[in-house]
Amino acid sequence: MSVSFPDDVESPIANDPDYVPPSNFSKGRRASVSAEPLSMEDDITNDRVIHPKTDEQRKRLQVAVKDILIFKSLDQEQREYVLDAMFEKKCCGWREGNRDGR
């Protein structure tokens, strides 16, 4: 792992001949990561979830996601998959819909 500094800022340890990295510092792979291993041989199901929508609902969704960065990177087919999986959840107001991050 290397840290980059802007040209006008000098690294505090770059020219220090007495600097010794911590004993637990490793340039190899991290030893522990909190994730389950993913094997390419595992069957990953691509079951498509489709929630029926009216034309009006679909248009509202398209307008809502058109300027969101993560949706901009999707091609048309991927965007349709995502829009098909979305569903409308009616709530009382803005605060109600954003309670507890839901």
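No experiment lies behind these values; they were computed from the predicted model shown.

K.L.:
Is there a simple way to think about the overall build of the protein in this case?
P.N.:
Looking only at helices and strands, one finds four helices and zero strands in the protein. Overall, the protein shows an N-to-C arrangement of helices and strands of α-α-α-α. In the protein, which comprises 102 residues, the share counted as buried stands at 6%. Here the contacts in the protein between residues at least 6 apart in sequence split such that 51% fall between residues at least 24 apart. Total accessible area on the protein stands at roughly 10100 Å², and carbon and sulfur atoms take up 53% of it.

K.L.:
How should I be thinking about the pattern of salt bridges in this particular structure?
P.N.:
Side chains that differ in charge, positive against negative, can pair when their charged atoms come close. For the structure shown, the criterion picks out five salt bridges. Glutamate 80 serves as the salt-bridge partner of arginine 58, at 2.9 Å between the closest nitrogen and oxygen. Of this pair, arginine 58 sits in helix α1 (residues 55-65) while glutamate 80 sits in helix α3 (residues 76-85), and the two are 22 residues apart along the sequence. Under the relative-accessibility criterion, arginine 58 is labelled partly exposed at 22%. Here arginine 58 and aspartate 84 are joined by a salt bridge, their closest N and O atoms 2.3 Å apart. Here arginine 58 is found in helix α1, whereas its partner aspartate 84 is found in helix α3, with 26 residues between them in sequence.

K.L.:
Just to check I follow, could you spell out the packing of α1 against α3 for this structure?
P.N.:
How two helices pack is summed up by the angle between their axes together with the distance between the axes. Two elements in contact, α1 and α3, have axes whose closest approach is 11 Å; the angle formed by their N-to-C orientations is 120°. The orientation of α1 relative to α3 falls into the category oblique. The way α1 lies across α3 gives a crossing that is right-handed. Residues Arg58, Leu61, Gln62 and Val65 of α1 lie in contact with α3, whose contacting residues are Glu80, Leu83 and Asp84. Residue composition of the contact of α1 with α3, by class: three nonpolar, one polar and three charged.

K.L.:
Whenever I open this one, the environment of phenylalanine 87 confuses me. Can you help?
P.N.:
Examined against the element boundaries, phenylalanine 87 turns out to sit in the loop between α3 and α4 (94-97). A relative accessible area of 57% places phenylalanine 87 in the exposed class. Taking the C-alpha atoms as reference points, phenylalanine 87 and leucine 61, 26 residues apart in sequence, are found 9.5 Å from one another.

K.L.:
Can you walk me through the environment of glutamine 62 in this structure?
P.N.:
With respect to the secondary-structure elements, glutamine 62 resides in helix α1. The class of glutamine 62 is partly exposed, set by a relative accessible area of 32%. The spacing of glutamine 62 and leucine 83 is 21 residues in sequence and 7.8 Å in space, taken between C-alpha atoms. Discounting residues that sit within four places of it in the chain, glutamine 62 has contacts with Glu80 and Leu83.

About the criteria used
Residues numbered from 1 in each chain as written. Predicted model: local features only at pLDDT ≥ 70, side-chain atom pairs only at ≥ 80, totals over all residues. Heavy atoms only, no water. Helix = DSSP H or I, 4+ residues; strand = E, 2+ residues; numbered from the N terminus. Buried < 20%, exposed > 50% of the residue type's maximum accessible area, 1.4 Å probe, protein only. Contact = heavy atoms within 4.5 Å. Areas by Shrake-Rupley, 256 points an atom, 1.4 Å probe, with all protein chains shown as cover. Salt bridge = Lys/Arg side-chain N within 4 Å of Asp/Glu carboxyl O. Axes fitted to C-alpha atoms, helices over the stretch in contact; angles between N-to-C directions. Parallel < 35°, antiparallel > 145°, perpendicular 65-115°, else oblique. Left-handed = near helix turned anticlockwise from the far one by under 90°. Nonpolar A, V, L, I, M, F, W, Y, C, P; charged D, E, K, R; others polar.

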